[in-house]
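Below are the chains, spelled out letter by letter.
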Amino acid sequence: QVQLVESGGGLVQPGGSLRLSCAASGSIFGSYSMGWYRQGPGNKRELVALISGDGVINYGESVKDRFTLSRDSAKNTVYLQMNSLKPEDTAVYYCNTFARGENTPYKLYWGQGTQVTVSS
């Protein structure tokens, strides 16, 4: 089993910055993808940023050039640096990973979510 622990959400003014962290614990074997999705009020869950097992990063269109995803593979942790935040970035941000254990197949795991609110 893999557990995801998210941190770093909160309230920030428009134009401000926040950094989210997501640490995966448990036994992870081989390559894995990891990243962030978000769900705003009344919206469907959407991709924010995702890094593949071989290091390719994809960003959602609405966050390109403002958000940066990075990974510390030694710590099984990803970081999402969010700059120039806008009110429309307000959402619950969910970490996910597609990973396998030593004796378990690849599976999609989700964190519990962290609230990001952008408001003056």
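This text goes with the structure placed above it.
Bear in mind that the values here come from a model prediction, so they are computed numbers and not experimental data.

Enquirer: Tell me what's going on with the side chain of T77, and back it up with residues and numbers.
Expert: Mapped onto the elements of the fold, T77 is located in strand β8 (residues 77-82). Here K75 takes part through its backbone oxygen, which lies 2.9 Å from a polar atom of the side chain of T77. Non-local contacts of T77, meaning those with residues more than four positions away in its chain, are made with C22, A23, S70, R71 and D72.

Enquirer: Can you lay out the state of the cysteines for me, pointing to particular residues and giving the numbers?
Expert: Across all of its chains, the model carries 1 disulfide by this definition. Paired by a disulfide, C22 and C95 hold their sulfur atoms 2.0 Å apart. Taking the sign of the S-S torsion, -85° for the link of C22 and C95, the bridge is left-handed. You can see C22 sitting in strand β3 (residues 18-26) and its partner C95 sitting in strand β9 (residues 91-100), a full 73 residues away along the chain. With respect to burial, C22 and C95 carry one shared label: buried.

Enquirer: Pulling in residues and values, what's your account of the side chain of T90?
Expert: Here T90 shows up in the loop between β8 and β9. Here the side chain of T90 touches P87 through a polar contact of 2.9 Å, landing on its backbone oxygen.

Parameters and conventions
- Residues numbered from 1 in each chain as written.
- Predicted model: local features only at pLDDT ≥ 70, side-chain atom pairs only at ≥ 80, totals over all residues.
- Heavy atoms only, no water.
- Helix = DSSP H or I, 4+ residues; strand = E, 2+ residues; numbered from the N terminus.
- Polar contact = N/O pair within 3.5 Å; in protein donor to acceptor, adjacent residues only side chain to side chain.
- Contact = heavy atoms within 4.5 Å.
- Disulfide = S-S within 2.5 Å.
- Buried < 20%, exposed > 50% of the residue type's maximum accessible area, 1.4 Å probe, protein only.

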